[in-house]
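Observations on the model geometry
Residue-level listing of the chains:
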Amino acid sequence: MQAKTKEMKIYIYKGGLTIVRKSGVGSAICHQEQMLRETGAPLAKNWKEATVVHINTVFPDSAFAAFLARKQGKKVVYYGHSTMEDFRNSFIGSNLTAALFKKWICKCYGLGDVILTPTEYSRYLLLGYGLKPRIYAVTNGVDTNFFHKNEEIGIRFREKYQIPRDKKVVISAGHLIPRKGIFDFLKVAAAMPEALFIWFGGGNSWAVPSEVKRAVREKTQNVIFAGYVNPQELKAAYCGADAFAFFSFEETEGIVVLEALSCELPVIVRDIPVYEGWLEEGIHVYKSGNTKEFYQGLKSILAKDCSDMTSLGRVLAKEHSIYRTGLRLNQIYQRERLGKGV
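Report follows, based on the coordinates. On a predicted model such as this, the values are computed, not experimentally measured, just so you know. (Residues numbered from 1 in each chain as written. Predicted model: local features only at pLDDT ≥ 70, side-chain atom pairs only at ≥ 80, totals over all residues. Heavy atoms only, no water.)

Quick look at the overall build of the protein
Rules: Numbering of helices and strands runs from the N terminus, with a helix taken as a DSSP run of H or I at least four residues long and a strand as a DSSP run of E at least two residues long. Radius of gyration: over C-alpha atoms. The globule rule applied is 2.2 Å multiplied by the number of residues raised to the 0.38 power. Partly exposed describes any residue whose relative accessible area lies between the buried limit of under 20% and the exposed limit of over 50%, with all areas from a 1.4 Å probe on protein chains only and scaled to the type maximum. Calculation of accessible area relied on Shrake-Rupley with a 1.4 Å probe; when residues are assessed, cover is drawn exclusively from the protein chains displayed. Under this rule, positive means Lys or Arg and negative means Asp or Glu; His and the chain ends count for nothing. For charged residues, the charge sits on one atom: NZ in Lys, CZ in Arg, CG in Asp, CD in Glu.
For the protein, the count of helices and strands is 14 helices and 11 strands. For a compact globule of 342 residues, the expected C-alpha radius of gyration is about 20 Å, and the protein comes in at 21 Å, within 12% of that figure. With 342 residues in all, the protein has 55% of them scored as buried. Summing over all exposed atoms, the protein offers an accessible surface of approximately 16300 Å²; the carbon and sulfur share of this is 52%. Computing the positive centroid from 47 side-chain charges and the negative centroid from 34, the protein places the two 8 Å apart.

Okay, structure coming up:
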């Protein structure tokens, strides 16, 4: 007699969410639940009824959850959001422990039946780690229905920060860590006193390197550190600013870049490998290699009409929408027959 096939039920494990909620990983976890709902995927109400478990973090409890799921016959989808490369130059002690971090994430990701990672670039890095599970590149996605151009909330953003109508505003976002390019952000801001520069995001004070804290204290008058804000406020900033500058030296994708593009805000990024093949220079964004090029690029953006570029940026964001990403996930489930065990 043939055994009955179980119906697929997907459970998103949220251990550690309180720690990563204010990061890209936290956004990715929320996106996964949303994309599965939008595409009608069968979500499990609890761990017990799950046949597939999504795991996004590399904390000890997450590794144990992956181990337990496998012991119980569940399939594990492990998301490779982190690499040794983007762990470096982040928090205090990250460079000293980067090699150990690589070993640890390999143990975690190796517990997956499949590994998902946001871009072909991060997939290339993980393939180089010698991991055995199959690795797929699947964007973290962007909520294009939420992040869209809205002049009214853009005006409210400028009113909140008491920004004159004719003042140019450049925004950036991320943790206050060297990898995110905070020093270059401050250098470019100092060279452009006529514009206002606002950085959204922060981090745990104990983990922020002392040189970053010192640089923040010594900022020029045209710089505001707004700290962490909720998605509604960040959307308002995208809609009220004149440019989004992302100075990061290393990423596995960069959700904030997709959010800015989705809001039709002109974007300039550092010319790094993660953007190759999907973010095109002069089409979707401007790319810069150093502070001089960021300065020149921002000067150009602020002096001209970028509507053709921002329209194409919106089209690109839609290609990374929550719904489309959910469809891509479903293709992987079917290919791997996830949750279809007996």
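Structural notes on the nonpolar core
Selection rule: Side-chain atoms within 4.5 Å are what join buried Ala, Val, Leu, Ile, Met, Phe, Trp, Tyr and Cys residues into a set we call a nonpolar core. The contact criterion used throughout is that any non-hydrogen atoms of two residues lie within 4.5 Å.
Residues Phe157, Ile171, Phe200, Tyr238, Phe244, Val257 and Tyr275 are the most contacted members of the largest nonpolar core, which totals 40 residues. Beyond its immediate chain neighbours, meaning those up to four positions away, Phe200 contacts Phe157, Tyr161, Ile171, Ser172, Ala173, Gly174, Ala226, Gly227, Val229, Leu234 and Ala237. Leu186, Val223, Ala243 and Tyr286 belong to the second largest nonpolar core, which has 27 residues in total.

Observations regarding the environment of Thr310
Looking at where Thr310 falls in the secondary structure, it is placed in helix H13 (residues 307-319). On the basis of relative accessibility, which here comes to 9%, the residue Thr310 falls in the buried class. Here the alpha-carbon distance between Thr310 and Ile19, two residues 291 residues apart in the chain, equals 33 Å. Filtering out sequence-adjacent residues up to four positions away, Thr310 remains in contact with Leu261, Glu264, Leu265 and Pro266.

A short note on the packing of helix H11 (residues 255-262) against H13
Angle between the axes and distance between the axes: these two values describe a pair of packed helices. Spelled out, the test is: Axis lines are fitted to C-alpha atoms, over the contacting stretch for helices. Their N-to-C directions set the angle, which ranges from 0 to 180 degrees. Put simply, angles under 35 degrees are roughly parallel, angles over 145 are roughly antiparallel, angles from 65 to 115 are roughly perpendicular, and the rest are oblique. A clockwise turn of the near helix away from the far one marks a right-handed crossing, whereas an anticlockwise turn of less than a right angle marks a left-handed crossing. Lys, Arg, Asp and Glu make up the charged group, whereas Ala, Val, Leu, Ile, Met, Phe, Trp, Tyr, Cys and Pro make up the nonpolar group; the residues left over, Gly among them, are polar.
Across the interface, H11 lies against H13 with an axial gap of 7 Å and an inter-helix angle of 125°. When the axis of H11 is compared with that of H13, the two are oblique. Crossing of H11 against H13: the hand is left-handed. On H13, the residues touching Leu258, Leu261 and Ser262 of H11 are Thr310, Gly313, Arg314, Leu316 and Ala317. Each residue belonging to the contact of H11 with H13 can be placed in one class, and the counts come to 4 nonpolar, 3 polar and 1 charged.

Remarks on the packing of helix H8 (residues 182-191) against helix H9 (residues 210-217)
Two elements in contact, H8 and H9, have axes separated by 10 Å at closest approach and are oriented at 20°. By the angle between their axes, H8 is roughly parallel relative to H9. Like other packed secondary-structure pairs, H8 and H9 cross with a definite hand, here left-handed. Judged by residue contacts, Ile182, Phe183 and Leu186 of H8 engage Glu211, Val212, Ala215 and Val216 from H9. In terms of residue class, the contact of H8 with H9 is built from 6 nonpolar, no polar and 1 charged.

Comments concerning unusual backbone geometry
Notably, Gln162 is not glycine yet its phi reads approximately 50°, a positive angle. Relative to the helices and strands, Gln162 is located in the loop between helix H7 (151-160) and strand E6 (169-173). Notably, Glu264 is not glycine yet its phi reads approximately 60°, a positive angle. The residue Glu264 is located in the loop between H11 and strand E10 (267-270) in this model. Taking relative accessible area as the criterion, Glu264 reaches 25% and is therefore assigned partly exposed.

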